[in-house]
Amino acid sequence: MNQDRRDRLGDAAVSVLAAAGARGLTHRAVDTAADVPPGTAKNYFPTRDALLRAVAERCLEQYRQRTASLAGAGPGPRDRDALATFLAALLRDVAGPGRARMLAYLELQTEAARRPWLAALLDPIGAGDFAAHGHLLAGTGLPADPDRVRALTLALHGALLHLLAGAPTTLAAAGLDDPDAFARNLLTSLCPEEPR
């Protein structure tokens, strides 16, 4: 099989899942999104589960690429302010360029509740976030005990849902209408600053 075409179909499937949800993820929709002849997606991914697997594998691949690019971008944030700026940028990415990727991932998470094999495929993404956030906290000299790492990760994961929905009243109530302030306040709540 042609790997370039397989990747193109995988990217198209991510886009379809993000735009149309799980019910809209069909072989025909993927063919259309990838601009390939009808039946091409079915040749590569013969069943719906195979199509879901392809999307999950593509999301995992994109997650690993993104993680590697962040790791290769330098030593990472070295103080509280830099970490807050970094976290705010991640939140903005979810509401902007990373929106389709995140919508597809959340659709997969819903499907994974009924398909254990899919949950196992997605597990490295969620687990990777906990490890990455622990590394970020430790790199800034902030406490990185398991409870704080869990709280930071779960707060950010919860924020994603509201950012994707984009409901202005909810965003304001959560403080997500200002990602910079949200990230600073989250870090202050988790790791109060020492009195000077």
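Predicted model only: the values in this text are computed from it and were never measured.

*Asks:* Quick question: what am I supposed to make of the overall build of the protein here?
*Replies:* Scanning the protein for helices and strands turns up 10 helices and 0 strands. Starting at the N terminus and walking to the C terminus, you meet the elements of the protein as α-α-α-α-α-α-α-α-α-α. Viewed in the frame of its principal axes, the protein has a C-alpha envelope of about 65 × 35 × 30 Å. Classification of the 196 residues of the protein by burial places 39% in the buried group. Looking at the protein alone, contacts between residues at least 24 apart form 67% of all its contacts between residues at least 6 apart. Counting every atom, the protein has about 10500 Å² of accessible surface; 55% of that belongs to carbon and sulfur.

*Asks:* I'm lost on helix α2 (residues 27-34) in this one. Help?
*Replies:* In an α-helix, one turn spans 3.6 residues; hence positions three or four apart end up facing the same way. Within α2, burial applies to H27, V30, D31 and A34. The buried residues of α2 occupy an angular sector of 100° when projected down its axis, which confines them to one face. Turned more than 90 degrees away from the buried face of α2 sit R28 and T32, all of them exposed. D35 occupies a position one or two residues after α2 and carries a positive phi of about 55°.

*Asks:* Please explain the environment of M1 as it appears in this structure.
*Replies:* You can see M1 is positioned in the segment before α1 (3-24). Under the relative-accessibility criterion, M1 is labelled exposed at 72%.

*Asks:* Even after reading the chapter, I still don't get the packing of helix α6 (residues 99-112) against helix α8 (residues 146-165), so can you show me in this structure?
*Replies:* For any two helices packed against each other, one specifies the crossing angle of their axes together with the interaxial distance. Closest axis-to-axis distance for the α6/α8 pair is 11 Å, and the angle between their directions is 115°. In terms of crossing hand, the pair formed by α6 and α8 is left-handed. Counted together, R99, M102, L103 and L106 of α6 and L160, L161, L163 and L164 of α8 form the full contact between these two elements. Considered class by class, the residues forming the contact of α6 with α8 number 7 nonpolar, no polar and 1 charged.

*Asks:* Just to check I follow, could you spell out the packing of aromatic side chains for this structure?
*Replies:* Both the distance between ring centres and the angle between the ring planes are used here to describe each pair of aromatic rings. All told, the structure shown has 1 aromatic pair when counted by the stated rule. Arranged with centres 6.3 Å apart and planes meeting at 50°, the rings of Y44 and F45 form a pair that is tilted.

*Asks:* For this particular structure, what's the right way to read unusual backbone geometry?
*Replies:* Most peptide bonds take the trans configuration, and most residues that are not glycine carry a negative phi. A positive phi is found at D35, a non-glycine position, where the angle reads about 55°. Its place among the elements puts D35 in the loop between α2 and α3 (40-44). The class for D35 is exposed, based on a relative accessible area of 65%.

*Asks:* Explain the packing of helix α7 (residues 116-139) against α8 here, please?
*Replies:* Their axes nearest at 9 Å, the elements α7 and α8 cross at an angle of 120°. Considering the relative orientation of α7 and α8, their crossing is right-handed. Contacts between α7 and α8 involve D129, F130, H133, G134 and L137 from the first element and R148, V149, R150, L152, T153, L154, L156 and H157 from the second. Looking at the contact of α7 with α8 residue by residue, the class counts come to 6 nonpolar, 4 polar and 3 charged.

What counts and how
Here the residue numbering is sequential within each chain, running from 1 through the sequence in written order. Since the coordinates come from a predicted model, pLDDT governs what is reported: local features require at least 70, and pairs of side-chain atoms require 80 or more to be given and counted, while whole-chain, interface and lining totals use all residues. Computation of side-chain values: all heavy atoms of the structure, hydrogens and water removed. Helix and strand definitions here come from DSSP, where helices need a minimum of 4 consecutive H or I residues and strands a minimum of 2 consecutive E residues; each element is numbered from the N-terminal end. The rule is simple: take the accessible area with a 1.4 Å probe, protein chains only, and divide by the maximum for that residue type; under 20% is buried, over 50% is exposed, in between is partly exposed. Should any heavy atoms of two residues lie within 4.5 Å, those residues are considered in contact. Here, Shrake-Rupley sampling with a 1.4 Å probe gives the accessible areas, and only protein chains in the shown set may cover a residue. The directions considered for the arc run from the helix axis to the C-beta atoms. The convention used is that axes are lines fitted to C-alpha atoms, helices contributing only their stretch in contact, and that angles between N-to-C directions extend from 0 to 180 degrees. By the definition used in this description, the sense in which the near helix is turned from the far one sets the handedness, with an anticlockwise turn below a right angle giving left-handed and a clockwise turn giving right-handed. Throughout this entry, Asp, Glu, Lys and Arg are counted as charged residues, while Ala, Val, Leu, Ile, Met, Phe, Trp, Tyr, Cys and Pro are counted as nonpolar. The remaining residues, Gly among them, count as polar. Pairing of aromatic rings covers Phe, Tyr and Trp, the last through its six-membered ring, and needs centres within 6.5 Å; plane angles under 30 degrees mean stacked, over 60 mean edge-to-face, and all others mean tilted.

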